[in-house]
Amino acid sequence: EDKVVQSPLSLVVHEGDTVTLNCSYEVTNFRSLLWYKQEKKAPTFLFMLTSSGIEKKSGRLSSILDKKELFSILNITATQTGDSAIYLCAVGPYSGAGSYQLTFGKGTKLSVIP
Amino acid sequence: DAEITQSPRHKITETGRQVTLACHQTWNHNNMFWYRQDLGHGLRLIHYSYGVQDTNKGEVSDGYSVSRSNTEDLPLTLESAASSQTSVYFCASSQTGLQEAFFGQGTRLTVV
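Residues numbered from 1 in each chain as written. Chains lettered and ligands numbered in written order. Predicted model: local features only at pLDDT ≥ 70, side-chain atom pairs only at ≥ 80, totals over all residues. Heavy atoms only, no water.

1. Some points on the sheet that holds strand β8 (residues 76–78) of chain B
Residues and elements named next belong to chain B.
Phase 1 of the analysis: Reading across from one edge, β1-β3-β8-β7 is the order of the four strands in this open sheet, with antiparallel pairing throughout. The sheet is open, and its two borders are formed by β1 (4–7) and β7 (64–66), each paired with just one other strand. Neighbour to neighbour, the strand axes of the sheet diverge by 20° on average, direction disregarded. (Pairing = 2+ DSSP bridges. Helix = DSSP H or I, 4+ residues; strand = E, 2+ residues; numbered from the N terminus. Axes fitted to C-alpha atoms, helices over the stretch in contact; angles between N-to-C directions.)

Below is the structure:
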């Protein structure tokens, strides 16, 4: 059974801090790892990672994957109150027949206080 | 703009009633998914479909069914609603060949 574990489950930081969110996984035939941001509504896509060691970056957010150690981190620098959300990590398997369902972790709830 | 919409956004129903949640996407995606989100459990897959007339069970499919008669819609039916099915339900879709999924706004279902 595929498994995704996120840590910490919740985190409170002050504006301007840098945070690191963790995601470890056990997946049969791993294909990709995805990060989503959820602010009270629908999860919105942030990054998809398929190769080890290649950092993906979008503004103050960045993420990297380690396929040997089976984990990923999501970094947010200079946090703002608008970064407050639940951050979800998901993994997708590889299947020759085409397999697209994602297995999600429980999420990390980030609260950024002024 | 293409989008994925769910209806209703909120629903209260009684135990034992049949309930159908609608999901409609205009991206022409072949892949569609239903998840439920509960505190302490995260997002769990209920059912999914990779195309018209294709449906598959996910991790927590008991008590739920789906049908796929066209590309745009994947309605989720609770055959006989139970209090344990009180949850927030998300529909999602993705393009064949890609695993990035786009989510609807969610339906909050309360079974009393």
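2. Here we look at the pairing of strand β3 (residues 19–25) of chain B
Residues and elements named next belong to chain B.
Phase 1 of the analysis: Alternating positions in β3 separate cleanly, V19, L21, C23 and Q25 being buried on one face and T20, A22 and H24 remaining unburied on the opposite face.
Phase 2 of the analysis: As defined by bridge partners, β1 adjoins β3 across four bridges and the pair is classed as antiparallel. Paired with T5 across the two strands is H24, which belongs to β3.
Phase 3 of the analysis: Where β3 lies against β8, three bridges are found, and the strand directions are antiparallel. Looking across to β8, one finds that T20 is bridged to T77. (Buried < 20%, exposed > 50% of the residue type's maximum accessible area, 1.4 Å probe, protein only.)

3. Comments concerning the state of the cysteines
Residues and elements named next belong to chain B.
Phase 1 of the analysis: Summed over all chains, the structure comprises two disulfides over all chains.
Phase 2 of the analysis: In this model, C23 is linked to C91 through a disulfide, with the two sulfur atoms separated by 1.8 Å. Here the disulfide of C23 and C91 is left-handed, its torsion about the S-S bond being about -70°. Highlighted residues: C23 in strand β3 and C91 in strand β9 (residues 87–94), separated in sequence by 68 residues. Both residues of the pair, C23 and C91, belong to the buried class. (Disulfide = S-S within 2.5 Å.)

4. Points about the interface of chain B and chain A
Phase 1 of the analysis: Contacts between the two partners involve 22 residues from chain B, matched on the other side by 21 residues from chain A.
Phase 2 of the analysis: Applying the counting rule to chain B against chain A returns zero salt bridges.
Phase 3 of the analysis: For the side of chain B that touches chain A, the elements supplying multiple residues, two or more each, are β4 (31–38), β5 (42–51) and β9 of chain B.
Phase 4 of the analysis: Looking at which element gives the most residues to the side of chain B that touches chain A, the answer is β5(B), with five residues.
Phase 5 of the analysis: Taken together, the residues of the side of chain B that touches chain A sort by class into ten nonpolar, eleven polar and one charged. (Contact = heavy atoms within 4.5 Å. Salt bridge = Lys/Arg side-chain N within 4 Å of Asp/Glu carboxyl O. Nonpolar A, V, L, I, M, F, W, Y, C, P; charged D, E, K, R; others polar.)

5. Section: unusual backbone geometry
Phase 1 of the analysis: The omega angle of the peptide bond from A:S7 to A:P8 is -10°, so this bond is cis rather than trans.
Phase 2 of the analysis: Going from B:S7 to B:P8, the amide bond is cis rather than trans, its omega being -5°.
Phase 3 of the analysis: Within the secondary structure, B:P8 sits in the loop between β1 and β2 (10–13).
Phase 4 of the analysis: In this model, A:L70 sits at a positive phi of 60°, which is unusual for a non-glycine residue.
Phase 5 of the analysis: Looking at where A:L70 falls in the secondary structure, it is placed in the loop between β7 (61–66) and β8 (71–76).
Phase 6 of the analysis: Backbone geometry places B:N28, a non-glycine residue, at a positive phi of 65°.
Phase 7 of the analysis: Relative to the helices and strands, B:N28 resides in the loop between β3 and β4.

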